[in-house]
Amino acid sequence: MKPVTTYLDASERFESVRGRIGGTDRSAFALAALSAVVAFLVVSPMFWLLWRAGTVPPTEAYDLLVSSRTALITANSLALTAAVTLCSILIGVPLAVLTTRTDLPYPRLFTVVAALPLVIPSYIGAIAFVSMFGSGGEIDTLFGTTIPRVDGLRGAVFVITLYTYPYVFLTTRAALLSMDSSLVDAARTLDASRIEAFRRVTLPQIRPGIAAGALLAALYAISDFGTPAFMRATVFTSTIYWEFGGFNVEYAALLALQLVAIVAVILVIEAGIGRDEDASGGTGRGAEINLGHWKWPSMGAVLSIGVLTLVVPLVIFTSWLIRSVGDPIPSLEFQPGFALNSVYLALLAAFVACLFALPVAYYSGRTNSLLSRVLERATYVGFAVPGVVIGLALVFLGTRTLPSLYRQGVWLLVFAYVVRFLPQAVGTVRSSVLQIDEGVIEAARTLDAGPLDTFRRVTLPLIMPGVIAGGVLVFLTTMKELPMTLMLQPIGMDTLVIVIWNAQNALAYRYAALPAFILIVVSGLTMVVLLRQEGYDIT
Amino acid sequence: MSVRDQHGERREAVEDFGEPRDPQTTSEAVLELEAVTKNFGSECAVDGLSLSVREGELLTLLGPSGCGKTTTLRLIAGLERPDGGAIQVGGERVAAAEERAFVPPERRDVGVVFQDFALFPHMTAAENVAFGIEDWDADARETRVAELLEMVGLEAHAESTPDELSGGQKQRIALARSLAPEPEILLLDEPFSNLDVDLRVEMREEVRRILKETGVTGISVTHDQEEAMSISDRVAVMAEGKIEQAGTPEGVFQHPESRFVAGFLGHASFVSGYVSGDLVETPLGPIGRDRIHGLAAEYDRTEIDVLVRPDDLLVRPAEEGAADGRVTYRRYLGPTVLYRVELASGDVIEAMHNHADRLSLDTPATVELAAAHDLAWFPAQR
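Parameters and conventions
- Residues numbered from 1 in each chain as written.
- Chains lettered and ligands numbered in written order.
- Predicted model: local features only at pLDDT ≥ 70, side-chain atom pairs only at ≥ 80, totals over all residues.
- Heavy atoms only, no water.
- Helix = DSSP H or I, 4+ residues; strand = E, 2+ residues; numbered from the N terminus.
- Buried < 20%, exposed > 50% of the residue type's maximum accessible area, 1.4 Å probe, protein only.
- Contact = heavy atoms within 4.5 Å.
- Areas by Shrake-Rupley, 256 points an atom, 1.4 Å probe, with all protein chains shown as cover.
- Pairing = 2+ DSSP bridges.
- Patch = residues over 30% accessible without salt bridge, like charges linked within 9 Å, V, L, I, M, F, W, Y side chains within 5 Å.
- Salt bridge = Lys/Arg side-chain N within 4 Å of Asp/Glu carboxyl O.
- Core = buried A, V, L, I, M, F, W, Y, C linked by side-chain atoms within 4.5 Å.
- Axes fitted to C-alpha atoms, helices over the stretch in contact; angles between N-to-C directions.
- Parallel < 35°, antiparallel > 145°, perpendicular 65-115°, else oblique.
- Left-handed = near helix turned anticlockwise from the far one by under 90°.
- Nonpolar A, V, L, I, M, F, W, Y, C, P; charged D, E, K, R; others polar.
- Expected span 1.5 Å × (residues − 1).
- Bend = angle between axes of the 7 residues up to and from the residue.
- Lys, Arg positive; Asp, Glu negative; His and termini not counted.
- Charge placed at Lys NZ, Arg CZ, Asp CG, Glu CD.
- pLDDT = per-residue confidence, 0-100.
- Phe/Tyr/Trp six-rings, centres within 6.5 Å; stacked < 30°, edge-to-face > 60°.

Asks: Explanation requested: the overall build of chain B in the structure shown.
Replies: What chain B contains, in helices and strands, is nine helices and 21 strands. The burial tally for chain B puts 54% of its 382 residues in the buried class. In chain B, once contacts between residues fewer than 6 apart in sequence are set aside, the share between residues at least 24 apart is 67%. Per element, the accessible surface of chain B, about 16500 Å² overall, is 46% carbon and sulfur.

In structure tokens, the structure reads:
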């Protein structure tokens, strides 16, 4: 009898958590319908892309796909992704160990320094490095040929790694902190050397954390448009844009599909590695690794990464501002209007994203059905699909079907932002929905408040912090979005990133400095919000 | 053989204790459950349960976890829909499975105090209390909130938020909040389980006082038999989705209708007996037939089991030859000591003694029946 009653008790509890309040069938249906509409809208750009690619005659498509150019692009993209992921692990994991497991002085300061590169969008780092160390850059011009040039594929790997390794650093660090480090002591007492203990005890426990960070780094590397474009590296994202600019849209569409397929493979691999949180979750600190003579080189290494990622670009930007070299280009002269346009677009995107996120997040947070999971997952399309692909798909929609919207008003561009960044809003809103105690909602119902009244007076106030956080995230990431803005920008509406792009194209870097500074500040704010959301204990 | 078979067997013989269940006497019933059934998937949580509760009464559903008591409460509140049967609140039908009729919780005159209190975290104590009476006019609402806060003794905490309140204070606010709209019925789901032991006893008295003061009909749910006995006018013991027995705390405790009820309400030992004329022969010596509660004539010359509670028995050390059995277990509980004695007949009994008494393990002992009250009995298990 015992097991049956235990099971019954558990199922009772489960039911109560999922809120099978009688009489909400109709509102649940309305919620499901709204979620379905949002999911459909968000997935629709993929259909446009497929449809456009489908109009390419099959033989032609085949020839394009097996051409040596496509092979080169694929090889370059895969090499870029693999190299960035590997380098990020090689930098991020040791830094994480250094700041959590050793007697490194000032661990908080060095943790912040090591995480800080996330504050700078990689394309802004790229523009700084390329202007100084690229071919035709300042050092090139001054000394003829120089130290290894930062451009092309190698340059892209270098810059993207510098700005994405913090993903691996932060997730590994979190895994290390949640792991009971007295396990390492236990291994040492069982006669394992320090390195052996790391390999046999620590590594298996932090592997899910490393994998999570590596996935983020890989996704970032393969989707990043700005850095390869500035470095003139021939990868999917940059080529898609160049082909699109050269009116070779069919090839662009085929490449975009291929890119999406590769991203899908990465996601599948990641799902295979799994993120099972089997960390031992102890609080024991265990013995710290004594760095001894290695203390100074370790501090030097962390600091030099900080200098490379933060100080060098900032110095370069400042020098542009001060020196004002090159011919003046009046159209690129900084105007507050650029910033206002950016803010206006980002505000619209944030508002619409929150509006879209509410029904999906609420439905999936309160109902655990196949339908609710599928609808929620569908809104995550923007997480996997690179911006340049979404941009291209909406260009097809705009030019073919809705010419009145294409480059005419802000709505097509705002929609693109929403598709791309909706996952951030859904994620924060959903987690705030999940935090609501089901009992509170039931209490409201027994206190004579109907379903709508309950939502207005109890649920909405409780999830408001999540909605606002989601909106802030979308706002800040929209501000610095590059490829979709380039492809769908309403005519005459220049934003900060457009000015940076144009300045780089005209090699008039000084005009990029001020917008770049503004975007660095915006990115910094994003990190503050993100870290607070994820609950990373950075200090 | 299951407990309920015996129970049914005995129904004919014994029908004079507990509360009357005759439909005529339930005309003043404020709550009526008729053969209510609720399934979760293939599991039956509530199984054809019938119950009626009279106005102003405080009834407790008592049972082990998973017996369906909380589900019953949620069915009454309208937080679950029954799969079978019907529910009436104040003479109005609020759920009837056959007609697919269902009144949502907000339109039932039922208040609920939740196990974890479920206070709205974004509102102050006073706002929580005022939640259910938002449609009252402002003056009346303010008066009502002040009155309730005074009743629960938290006038000073009106502007506190839930996270500033202690467990007992949260409970008081939850109680005041549920009483504010003047519900016909108040449901309390394990209301004391989230409180410290000391506070629990204090709050029991407090809650009973408040319920009696307001005259509201109360139905509470608990797995703690002491709590159920101490606050209720009537106790309904539940097992496997059904009510095993309902009645006054004394009635149910002293005259359990099934071995399950006997065992769930406290330590229960059984000594076998043989009914022989005016006496029942037991290993503890003969007991007068008149001391066995409602022993019907047809059980003459059969084996029965007599229920003895630990405080009914006295265990004394004895010489090997004169002993009834041996002490096989002792547990020191502070003020008292619990002894387990294995009788020569094979029956095992438990007895509670003052802590000053000392009996060592494995000593021979006599067991004496020292109860002044009637004893309950069950047909012998074969």
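Now that the structure has been shown, we can carry on.
Asks: What's the story with the overall build of chain A in this structure? I'm lost.
Replies: Tallying secondary structure elements over chain A gives 24 helices and zero strands in all. Buried positions account for 55% of the 539 residues belonging to chain A. Taking the intrachain contacts of chain A between residues at least 6 apart in sequence as the baseline, contacts between residues at least 24 apart amount to 82%. Total accessible area on chain A is roughly 23400 Å²; 67% of this is exposed by carbon and sulfur atoms.

Asks: Honestly, the pairing of strand β1 (residues 29–40) of chain B in this entry has me stumped. Any pointers?
Replies: Working note: regular strand, side chains alternate between the two faces of the sheet. All names here are of chain B. Here β1 pairs with strand β2 (residues 43–54) via eight bridges, running antiparallel. Within β2, the position partnered with Leu31 by the bridge is Val53. As paired strands, β1 and strand β4 (residues 84–89) are joined by five bridges and run antiparallel to one another. Directly across from Leu31, in β4, lies its bridge partner Val89.

Asks: Any chance you could explain a nonpolar patch on the surface here in plain terms?
Replies: Residue and element names in this part refer to chain A. A cluster of nonpolar side chains, namely Val37, Phe40, Leu41, Phe47 and Leu50, defines an oily patch on the protein surface of about 470 Å² accessible area. Inspection of the secondary structure puts Leu41 in helix α2 (residues 25–54). A relative accessible area of 31% means that Leu41 is categorised as partly exposed.

Asks: Even after reading the chapter, I still don't get the sheet that holds strand β12 (residues 269–276) of chain B, so can you show me in this structure?
Replies: Within a sheet, neighbouring strands are paired by backbone hydrogen bonds and run either parallel or antiparallel to one another. Residues and elements named next belong to chain B. Read from one edge to the other, the open sheet built from five strands follows the order β14-β13-β12-β15-β21, with strand pairing classed as antiparallel. With one partner strand each, in any of the chains shown, β14 (287–288) and β21 (377–379) form the two edges of the open sheet. Examined bridge by bridge, β12 and strand β15 (residues 303–308) share six bridges and lie antiparallel to one another. Counted as the bridge partner of Val271 is Val306 from β15.

Asks: Could you clarify how one ought to interpret the nonpolar core in this entry?
Replies: Most often, soluble globular proteins keep nonpolar side chains buried together rather than apart. Residues Leu31 and Ile219 of chain B are the most contacted members of the largest nonpolar core, which totals 217 residues. Here this core takes 16 residues from helix α15 (residues 336–366) of chain A, the largest share from any one element. The residues touching Leu31 of chain B, leaving out its near neighbours within four places in the chain, are Leu51, Ser52, Val53, Ile76, Ile87, Gln88, Val89, Ile185 and Ile219 of chain B. Counting residues in each nonpolar core, the second largest holds 33 residues, with Ile133, Ala158, Leu175 and Ala180 of chain B among its members.

Asks: Help me understand the sheet that holds strand β18 (residues 336–343) of chain B, please; the structure alone is not making it clear to me.
Replies: All names here are of chain B. As summarised here, the arrangement of the five strands in space is β16-β20-β17-β18-β19, forming an open sheet in which the pairing is antiparallel. The two strands at the open ends of the sheet, each matched to only one other strand, are β16 (313–317) and β19 (348–354). Shown here is a sheet whose adjacent strand axes are inclined to one another by a mean of 40°, direction ignored.

Asks: Quick question: what am I supposed to make of the packing of helix α8 (residues 152–178) of chain A against helix α10 (residues 194–223) of chain A here?
Replies: Packed helices, taken two at a time, are described by the angle their axes make and the gap between the axes. Residue and element names in this part refer to chain A. Following both chains from N to C, one finds α8 and α10 inclined at 150°, their axes separated by 8 Å at the closest point. Taken as axis vectors, α8 and α10 run roughly antiparallel relative to one another. Note on packing geometry: the crossing formed by α8 with α10 is right-handed. Each of Ile160, Thr164, Tyr167, Val168, Thr171, Thr172, Ala175 and Leu176 in α8 lies in contact with α10, whose residues at this interface are Thr202, Ile206, Gly209, Ile210, Ala212, Gly213, Ala214, Leu216, Ala217, Tyr220 and Ala221. Considering only residue class, the contact of α8 with α10 consists of 13 nonpolar, six polar and no charged.

Asks: For this particular structure, what's the right way to read α10 of chain A?
Replies: In an α-helix there are 3.6 residues to a turn, and that puts residues three or four apart on one side. With 30 residues, α10 of chain A extends only 38 Å from end C-alpha to end C-alpha; this falls clearly short of the ideal 44 Å at 1.5 Å per step. Within α10 of chain A, the axis deviates most sharply at Leu203 of chain A, by approximately 55°, and proline Pro204 of chain A lies no more than four positions further along.

Asks: Teacher, can you tell me more about a negative patch on the surface here?
Replies: A cluster of acidic residues, Asp448 of chain A together with Glu28, Glu55, Glu92, Asp109, Asp135 and Glu184 of chain B, forms a negative patch at the surface. By the element assignment, Glu184 of chain B lies in the loop between α5 (167–179) and β8 (185–189). The exposure class of Glu184 of chain B is partly exposed, given its relative accessible area of 32%.

Asks: Hey, could you run me through the packing of helix α9 (residues 182–189) of chain A against α10 of chain A in this one?
Replies: All names here are of chain A. It is at 9 Å that the axes of α9 and α10 come closest, and there the two elements cross at 140°. The angle between α9 and α10 falls in the class oblique. Of the two possible hands of crossing, α9 and α10 adopt the one that is right-handed. Across the interface between the two elements, Leu183, Val184, Ala187 and Arg188 from α9 touch Arg194, Ala197, Val201, Thr202 and Gln205 from α10.

Asks: What exactly am I supposed to notice about unusual backbone geometry here?
Replies: Keep in mind that most residues, glycine aside, have a negative phi and that most peptide bonds are trans. Phi is positive for Phe117 of chain B, close to 75°, though the residue is something other than glycine. Here Phe117 of chain B is to be found in the loop between β7 (110–113) and α3 (125–130).

Asks: Where do I start with the confidence of the model for chain A in this structure?
Replies: One rule of thumb: low pLDDT means the predicted coordinates there are not for detailed reading. Confidence in the prediction for chain A averages 83 pLDDT; 88% of positions are at 70 or higher. Counting interchain partners and residues more than four positions distant, the pLDDT-below-50 stretch residues 1–23 of chain A has 47 contacts.

Asks: Where do I start with the environment of Pro45 of chain A in this structure?
Replies: Within the fold, Pro45 of chain A resides in helix α2. Setting aside residues up to four positions removed in sequence, Pro45 of chain A forms contacts with Ala393, Leu394, Phe415 and Val419 of chain A.

Asks: How should I be thinking about the packing of aromatic side chains in this particular structure?
Replies: Geometrically, a pair of aromatic rings is defined through the distance of the ring centres and the angle of the planes. Residue and element names in this part refer to chain A. Enumeration according to the criterion identifies 19 aromatic pairs over all chains in this entry. Here Phe230 and Trp501 contribute two aromatic rings whose centre-to-centre distance is 5.6 Å and whose plane-to-plane angle is 35°, an arrangement assigned as tilted. Here Phe230 is found in helix α11 (residues 226–231), whereas its partner Trp501 is found in helix α23 (residues 496–505), with 271 residues between them in sequence. What makes Phe230 buried here is its relative accessible area of 3%. Ring centres of Phe334 and Phe338 lie 6.2 Å apart, and the angle between their planes is 80°; on these two criteria the pair is classed as edge-to-face.

Asks: Can you walk me through the side chain of Glu376 of chain A in this structure?
Replies: All names here are of chain A. Looking at where Glu376 falls in the secondary structure, it is placed in helix α16 (residues 370–378). The buried category is assigned to Glu376, whose relative accessible area is 4%. Apart from residues no more than four positions distant in its own chain, Glu376 is found in contact with Val360, Ser364, Val426 and Arg430.

Asks: Looking at this structure, I do not really get the pattern of salt bridges. What am I missing?
Replies: Following the criterion strictly, the structure yields 31 salt bridges over all chains and no others. Two residues, Glu376 of chain A and Arg430 of chain A, come together in a salt bridge whose shortest N-O distance is 3.7 Å. Within this pair, whereas Glu376 of chain A is found in helix α16, its partner Arg430 of chain A is found in helix α19 (residues 411–435), the two being separated by 54 residues in sequence. With a shortest N-O distance of 3.6 Å, Arg457 of chain A and Asp453 of chain A are connected by a salt bridge. You can see Arg457 of chain A and its partner Asp453 of chain A sitting in helix α21 (residues 451–479), four residues apart, about one turn around the helix. With a relative accessible area of 11%, Arg457 of chain A lands in the buried category. With a relative accessible area of 22%, Asp453 of chain A lands in the partly exposed category. Beyond isolated ion pairs, a larger network of salt bridges with shared partners links Arg172, Glu202, Glu206, Arg209 and Glu213 of chain B.

Asks: So what exactly am I meant to see when it comes to the pairing of strand β11 (residues 242–247) of chain B here?
Replies: Residue and element names in this part refer to chain B. Bridging between strand β10 (residues 234–239) and β11 involves five bridges; their strand directions are antiparallel. Residue pairing across strands places Met238 opposite Ile243, the latter belonging to β11. From the end of β10 to the start of β11, which pair antiparallel, there are two residues, and Glu240 there has a positive phi angle of about 50°.

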